[in-house]
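Examining the three-dimensional arrangement
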Amino acid sequence: MTDSTAADATLAPAAKPATKPARPHFSSGPCAKPPGYDPAKLATDVLGRSHRSKLGKQRLQYCIDLMRELLNLPDTHRIGIVPGSDTGAFEMAMWTMLGARPVTALAWESFGEGWVTDAVKQLKIDPTVIRADYGQLPDLHQIDWSNDVLFTWNGTTSGVRVPNGDWIPDDRAGLSFADATSGVFAYDLPWDKIDVATFSWQKVLGGEGAHGVLILGPRAVERLESYTPAWPLPKVFRLVSKGKLAEGVFKGETINTPSMLAVEDAIWALEWARGLGERGLIARSDANAAALDKIVAERDWLGHLAEDEASRSKTSVCLTVAGADEAFIKTMAGLLEKEGAAFDVAGYRDAPAGLRIWCGATVDTADIEALGPWLDWAYATAKA
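These numbers come from a predicted model, not from an experiment.

The rules we used
Residues numbered from 1 in each chain as written. Predicted model: local features only at pLDDT ≥ 70, side-chain atom pairs only at ≥ 80, totals over all residues. Heavy atoms only, no water. Pairing = 2+ DSSP bridges. Helix = DSSP H or I, 4+ residues; strand = E, 2+ residues; numbered from the N terminus. Axes fitted to C-alpha atoms, helices over the stretch in contact; angles between N-to-C directions. Contact = heavy atoms within 4.5 Å. Left-handed = near helix turned anticlockwise from the far one by under 90°. Nonpolar A, V, L, I, M, F, W, Y, C, P; charged D, E, K, R; others polar. Expected span 1.5 Å × (residues − 1). Bend = angle between axes of the 7 residues up to and from the residue. 1 Å grid on protein atoms, 1.4 Å probe; cavity = no way out; pocket = protein on both sides within 12 Å on 5 of 7 lines; lining within 4 Å. Points joined across faces, edges and corners; volume = space filled by probe spheres on them.

Some words on the sheet that holds strand S1 (residues 78-83)
Sheet architecture is open: seven strands sit in the order S1-S9-S8-S7-S4-S2-S3, paired in mixed fashion. Strands at the two margins of the open sheet, each flanked by one partner only, are S1 and strand S3 (128-131). Neighbouring strand axes in the sheet, compared pairwise and without regard to direction, differ in orientation by 20 degrees on average. When S1 meets strand S9 (residues 211-216), the two strands line up antiparallel, connected through six bridges.

Given below as structure tokens:
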């Protein structure tokens, strides 16, 4: 790696590094495809067939079974494939279950703020909102668990995550709603602490977008069967029929027509992941995050937006760049993209100006290591 350079140094045009990342895909969603991915490897027998055909249902159920196996999910929890990516899945949970109890919403990044907006402006709920600035985590011990609680397990746009599930009490009266889209398959999630979880294939699995996954624990099912919201529900949100959970949704009978090509893409990624196991996926993310930590530690001009390591994301890692504004970051990201050294590394539009590097399991650690000198080059070139 090149020597670190102080932020206030006068920089000459830098020489380009000799080695590029083999796969320069560092986007935080859609994320890098798994190593060895090739669209030609996808099964295509189901394409052009109805998703309600015997084959279509089999493939959807197989996808669900693979997710359950990889996550070591208890039989008490249901898994459903739903429309609208993680956003659609979390909206579905909010619209169908909120209103039975008071609500607490935690917000420390843009998507958490989005759930606050929807609760207030769309559902007309007056939630208790506990906020923290980008890079920080709010005090999790001030939560009243007689309320339903909305939170983000791993903040994709802030690089801040909850450290574990110890702050969620076993005897909670309210439901825990976890937007876990950048956390599922990257952390060992405590399913006994999570009543509702949502994610999308496009994150840690490197799958395609458009579809979300909704996981319901038994307490969430009880809520659905015992409570009817005061507001009308769009068809794509309806999980109950005649007072009972629509079990078909959790057996591959999707509410709307899914892309079977996206399903086959997810199946390929899940089969790749099964070869590693959940621990193997977590280990790959951990190794990538450690490699990026080393790059940051060696450079005076780079820092972590999430200063507390215990709550720092190991997937969507958000970095600060000394003295940089949005225009400077755009220049750096543009230089890296033009050279084919790193794609889509600028921070989220609502976050403080900085870089965001995806370190999920589909990224190879060698590519993270190769990125360091290119960050040096882009920074020096932008400064010069």
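What to know about the sheet that holds strand S14 (residues 355-358)
One open sheet holds the three strands; their spatial order is S12-S13-S14, and the pairing between them is antiparallel. Every interior strand has two partners, whereas the edge strands, strand S12 (302-304) and S14, have only one. Neighbour-to-neighbour, the strand axes of this sheet turn through a mean angle of 35 degrees, independent of strand direction. Helix H7 (residues 365-383) rests against S12, strand S13 (316-321) and S14 of the sheet, and its axis sits at about 165 degrees to S14.

Looking at the environment of Ala 186
Position of Ala 186 among the secondary structure elements: in the loop between strand S7 (176-179) and strand S8 (196-200). The spacing of Ala 186 and Gly 360 is 174 residues in sequence and 6.9 Å in space, taken between C-alpha atoms. For Ala 186, the residues in contact, after removing those within four places along its chain, are Val 204, Ile 282, Ser 285 and Thr 315.

Details of the packing of helix H2 (residues 85-97) against helix H3 (residues 110-122)
Two packed helices can be described by the angle between their axes and the distance between those axes. With their axes 11 Å apart at the nearest point, H2 and H3 run at an angle of 40 degrees to one another. Viewed along their axes, H2 and H3 form a crossing whose handedness is right-handed. For the pair H2 and H3, contact is made by Thr 87, Phe 90, Glu 91, Met 94 and Trp 95 and by Phe 111, Trp 115, Asp 118, Ala 119 and Gln 122, respectively. Tallied by class, the residues present in the contact of H2 with H3 amount to six nonpolar, two polar and two charged.

What about helix H5 (residues 260-297)?
In a regular helix each residue adds 1.5 Å, so 38 residues correspond to 56 Å; H5 covers only 44 Å between its end C-alpha atoms and thus falls short of that length. The sharpest bend along H5 reaches about 95 degrees and sits at Gly 277.

Quick notes on the layout of surface pockets
In this structure, the largest pocket encloses a volume near 230 Å³. What lines the largest pocket is a set of 18 residues, among which Ser 28, Phe 111, Thr 156, Thr 181 and Lys 203 lie closest to the centre. No other element matches H2, which puts three residues into the lining of the largest pocket.

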